[in-house]
Amino acid sequence: MDKQRNATLNVDGKSIDLPIYSGSIGPDVIDIRSLYAKTGMFTFDPGFVSTAACKSDITYIDGDEGVLLYRGYPIEQLAMKCDFLEVAYLILHGELPNAKQKGEFDSIIKNHTMVHDQLTRFYSGFRRDAHPMAILVGVVGALSAFYHEAMDISDEYHRTVSAHRLIAKLPNITAMAYKYNAGQPFMYPRNDLSYTANFMHMMFGTPCEKYEPNPVLVRALDRILILHADHEQNASTSTVRLAGSSGANPFACISSGIACLWGPAHGGANEACLNMLEEIGDVSRVGEFIKRAKDKDDPFKLMGFGHRVYKNFDPRAKLMRETCHEVLNELGLQDDRLFKLAIALEKIALEDDYFISKKLYPNVDFYSGIVQRALGIPVKLFTGIFAMARTVGWIAQWNEMIGDPEQKIGRPRQLFTGATQRDVIAMDKR
Ligand code: SDX
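Residues numbered from 1 in each chain as written. Predicted model: local features only at pLDDT ≥ 70, side-chain atom pairs only at ≥ 80, totals over all residues. Heavy atoms only, no water.

When the domains of the protein are assigned, the result is domain 1 (2-52) and domain 2 (95-407). On a C-alpha basis, the centroid separation for the pair domain 1 and domain 2 is 36 Å. (Domains from an automatic or database assignment.)

Neighbouring the ligand are 24 residues, the closest being H231, H307, R308, R316 and R390. A distance of 2.9 Å is found between an oxygen atom of the ligand and a backbone nitrogen or oxygen belonging to G304. Burial of the ligand by the surrounding chains reaches 77%, relative to a free accessible area of 1100 Å². Of the residues in the shell around the ligand, the class split is 10 nonpolar, 7 polar and 7 charged. (Near = heavy atom within 4 Å. Polar contact = N/O pair within 3.5 Å; in protein donor to acceptor, adjacent residues only side chain to side chain. Areas by Shrake-Rupley, 256 points an atom, 1.4 Å probe, with all protein chains shown as cover. Nonpolar A, V, L, I, M, F, W, Y, C, P; charged D, E, K, R; others polar.)

So, on to helix α10 (residues 235-244). S236, T237, V240, R241 and G244 are the residues of α10 that are buried. The buried residues of α10 occupy an angular sector of 145° when the element is viewed end-on, so they sit on one face. Of the surrounding elements, those touching the buried residues of α10 are α11 (250-261) and α18 (382-402). (Buried < 20%, exposed > 50% of the residue type's maximum accessible area, 1.4 Å probe, protein only. Helix = DSSP H or I, 4+ residues; strand = E, 2+ residues; numbered from the N terminus. Arc of directions from axis to C-beta. Contact = heavy atoms within 4.5 Å.)

So, on to the packing of aromatic side chains. Going through the model one piece at a time under the given rule, you end up with 16 aromatic pairs. Members of the aromatic cluster, each reached through a chain of ring pairs, are F305, F339, Y354, F355, F366 and Y367. For the cation-ring pair, R128 lies above Y180, with the distance from its terminal atom to the ring centre recorded as 4.1 Å. (Phe/Tyr/Trp six-rings, centres within 6.5 Å; stacked < 30°, edge-to-face > 60°. Lys NZ or Arg CZ within 6 Å of the ring centre and 35° of its normal.)

Read across the open sheet, the 3 strands follow the order β4-β5-β6; overall the sheet is antiparallel. The strands lining the two open edges of the sheet, one partner per strand, are β4 (59-62) and β6 (73-74). Sheet topology note: the strand β5 (residues 67-70)/β6 ladder contains 2 bridges and is antiparallel. When the sheet's bridge partners are listed, L69 is paired in β6 with P74. (Pairing = 2+ DSSP bridges.)

Take the pairing of strand β1 (residues 6-11) next. Taken together, the 6 bridges between β1 and strand β2 (residues 14-21) define a ladder with antiparallel strand orientation. Following the sheet pairing, N10 is matched in β2 by S15.

Turning to unusual backbone geometry, a few remarks are in order. Residues other than glycine seldom take positive phi values, yet D12 does so here, at roughly 50°. Relative to the elements of secondary structure, D12 occurs in the loop between β1 and β2. Under the relative-accessibility criterion, D12 is labelled exposed at 75%. One non-glycine residue with positive phi stands out, namely E232, at about 60°.

Moving on, we get to the pattern of salt bridges. Overall, the coordinates contain 25 salt bridges when judged by the stated rule. For the salt bridge of R316 with D314, the shortest nitrogen-to-oxygen distance reads 2.7 Å. Looking at R316, the relative accessible area reads 2%, which means it is buried. Its relative accessible area of 0% is what places D314 among the buried residues. The salt bridge partner of E351 is K347, with a shortest N-O separation of 2.8 Å. With a relative accessible area of 53%, K347 lands in the exposed category. (Salt bridge = Lys/Arg side-chain N within 4 Å of Asp/Glu carboxyl O.)

Moving on: the sheet that holds β1. Pairing is antiparallel in the open sheet, where 3 strands are placed in the order β1-β2-β3. Edge strands, defined here as strands with exactly one partner in the open sheet, are β1 and β3 (29-30).

Our next topic: the pairing of β5. Summarising the sheet, β4 and β5 pair through 4 bridges and their orientation is antiparallel. Following the sheet pairing, D62 is matched in β5 by V67. The turn joining β4 and β5, which pair antiparallel and follow one another in sequence, is formed by 4 residues; a positive phi near 65° is taken by G66. Remark: 2 residues form the turn of the hairpin made by β5 and β6, two consecutive strands paired antiparallel; R71 in that turn has positive phi of roughly 50°.

On the secondary structure map, D17 appears in strand β2. In this structure D17 comes out as partly exposed when scored by relative accessible area, which is 42%. Residues D17 and I30, spaced 13 residues apart in sequence, show a C-alpha to C-alpha distance of 9.8 Å. With residues up to four places along the chain from it excluded, the contact list for D17 reads N6, A7, T8 and K38. A distance of 2.8 Å separates the side chain of D17 from the side chain of T8, its partner in a polar contact.

You can see N275 is positioned in helix α12 (residues 269-280). The exposure class of N275 is partly exposed, given its relative accessible area of 39%. C-alpha separation for the pair N275 and G369, spaced 94 residues apart in sequence, amounts to 9.2 Å.

Here's what the structure looks like:
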């Protein structure tokens, strides 16, 4: 048995030992749970730059080496050798499925794709121009109103069926948001199609004619979903875990994750990046925007660049760029204006000392907007696609937390800098 390693902290002349733990790979951690009891002090880590909030077996990121593993498998291999539901099974269960397990999982998900007919009426309460993410936050949260019989989160079967319902219904709910925006009728799912082909059918099919999705485009979108499926303890996953730590139902927790993902610093960056490229418009203006991104007094940031963890290339960005090439070639859009602009912007930024010194590289959102636009997905729906894919990671992380015997309600403290106690005086004396 290895001797317990400790970190020794000296506070006002008093020494305390804090245990150090090692994972299977990655940085060790210092267990500070006894810190307040032993010192009367809290740690201070706004934005959780140096804080591990939990243990997890699901996803590992090495930001310096540009490594992303789902349950130990490199994202590069999963993106090229698996389909999205295969990866979803892996993230949920910890192992890649064999043919029998994959067939059963595909069948289970296909048999949960329809939504309750009453749910379709939620959409008519929105304006036609409602942002799809506003619709997703509302409708996904409302799903909990339809499954009262399976909401005991201490019951493993209830957790499993909720996971299947969420994974199966998000494509339908997302496509319905698109149809509602477009003023077109909702399309029922087709269970003879694969998960991603079915999504494209519900998005681009109409009751007027048979729609057969292009297999090259289906494969590209399926790969995009794989790249977005999970990503360790990012902001939206941490939101889902914190919501879940109170015992909230899984639909409410996923809805909270969707709300957090919407932010332009997080999943909303793909929409913001495409809008930024449209605003730049031409390679001749790239320098002007690079200058703005470097200006401390200008809040403008280069959307799709930078990452809290990746201080090297985001491996997903490379795969997304390759997927971009494939889709644009398939569609005869090799000279796509925005793609060429993005390539030029990336080259100029990567040669600029500011970006080099701050280790700012393209992240997953830099190319995803361009390829989604080429697939015919409207800009406002880019983050909805991200949410649809990340639902697998969110529900797996939520399930892992609920199943952790050590899990407690999340309740951080603060460094209080406000007014000390004082007495209320009568208004006429203020
Ligand atoms: C996602 O966490 C995840 O895993 C998220 C995600 C996932 O899969 O879940 O990977 C998905 O959210 C990807 C990130 C998408 N967001 C964007 O592309 C928005 C633009 N990027 C930035 O807002 C920023 O890079 C963040 C939010 C992504 C990261 O911010 P951090 O880690 O808090 O870093 P920081 O803001 O402290 O930046 C460090 C420095 C700062 O300058 P200084 O204060 O040191 O002088 O770099 C600068 C920043 O101003 N900087 C940028 C920049 N990103 C950081 N400057 C210009 N353009 C940028 N994009």
